[in-house]
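A structural walkthrough
Here are the chains, one letter per residue:
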Amino acid sequence: MQIIFKRGIPGFESLKNFKIDEIKDNEKFKVMSSLDEEVSFVVVSPFDFYSEYELNLDNETMKDLEVKDSKDVLIFNIITLGETLEKSTINLKAPIVININNNLAKQYIIQYDTYDTKHPLIRREKNVSNY
């Protein structure tokens, strides 16, 4: 899937064109790679790790992405890889929001303090044998 960030990603504003690829033999992790420069991020659906994750997009974001129905939105979060999965973190504060109808994307920064940029990817109480 190719996606377009009209304004880039915070910290990478000049990078607007990306693709998201599957990782062989892994359903949860994907690679979001820039088509403009050699920059890539590992991303996941937050719901695979935090089923209680909630996101309320503001009207400006819905308008920017031309979203007409919330069912047309795909959410990914960027992973910071540690030495192990247990030491890796997920940025729940700034999800990647994609309109699947037109492939427009935006990194949405949540304004309330519910989430942080470095939540543990693997919670201690979870069985990690299927990752």
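Everything below is about the structure shown above.
This write-up is about the structure you can find in this document.

What counts and how
- Residues numbered from 1 in each chain as written.
- Predicted model: local features only at pLDDT ≥ 70, side-chain atom pairs only at ≥ 80, totals over all residues.
- Heavy atoms only, no water.
- Salt bridge = Lys/Arg side-chain N within 4 Å of Asp/Glu carboxyl O.
- Helix = DSSP H or I, 4+ residues; strand = E, 2+ residues; numbered from the N terminus.
- Buried < 20%, exposed > 50% of the residue type's maximum accessible area, 1.4 Å probe, protein only.
- Polar contact = N/O pair within 3.5 Å; in protein donor to acceptor, adjacent residues only side chain to side chain.
- Contact = heavy atoms within 4.5 Å.
- Core = buried A, V, L, I, M, F, W, Y, C linked by side-chain atoms within 4.5 Å.
- Pairing = 2+ DSSP bridges.

**Some remarks on the pattern of salt bridges**
- With the rule as written, the count across this model stands at seven salt bridges.
- Between K106 and D64 there is a salt bridge whose closest N-O contact spans 3.1 Å. With K106 in strand β8 (residues 104–107) and D64 in helix α1 (residues 59–64), the pair connects residues that are 42 residues apart, well separated along the chain.
- Take K106: its relative accessible area is 19%, and that puts it in the buried class.
- D64 gets classed as buried once you look at its relative accessible area, which sits at 16%.
- Here K93 and D113 are joined by a salt bridge, their closest N and O atoms 4.0 Å apart. One end of the pair, K93, is in the loop between β6 (89–90) and β7 (96–99); the other, D113, is in the loop between β8 and β9 (119–120), with 20 residues separating them in the sequence.
- Look at the salt bridges and you will find they share partners, linking R7, D64 and K106 into a network.

**Regarding the side chain of N91**
- Along the chain, N91 turns up in the loop between β6 and β7.
- At 3.0 Å, the side chain of N91 and the backbone nitrogen of A94 are in polar contact.
- Not counting the four nearest positions on each side in its chain, N91 is found in contact with N77, I78, Q107, D116 and T117.

**What about the nonpolar core?**
- Within the largest apolar cluster, 19 residues are counted, with the highest numbers of intra-cluster contacts made by F49, Y53, I90 and L121.
- For this core, the elements supplying multiple residues, two or more each, are β4 (40–44) and β5 (73–80).
- Residues within four places of Y53 in sequence aside, it is in contact with P46, F47, I75, N77, L92, P95, I110 and Y115.
- By size, the runner-up hydrophobic cluster in this structure holds 15 residues, among which are M32, F41, I98 and A105.

**Thoughts on the pairing of strand β1 (residues 2–5)**
- Because side chains alternate across β1, one face comprises the buried residues I3 and F5, and the other comprises Q2 and I4, none of which is buried.
- Across three bridges, β1 lies against strand β2 (residues 17–23) in antiparallel orientation. Each bridged residue has a counterpart across the sheet, and for I3 the counterpart in β2 is F18.
- Across two bridges, the pairing between β1 and β8 is parallel. Opposite I4, over in β8, you have L104 as the bridge partner.

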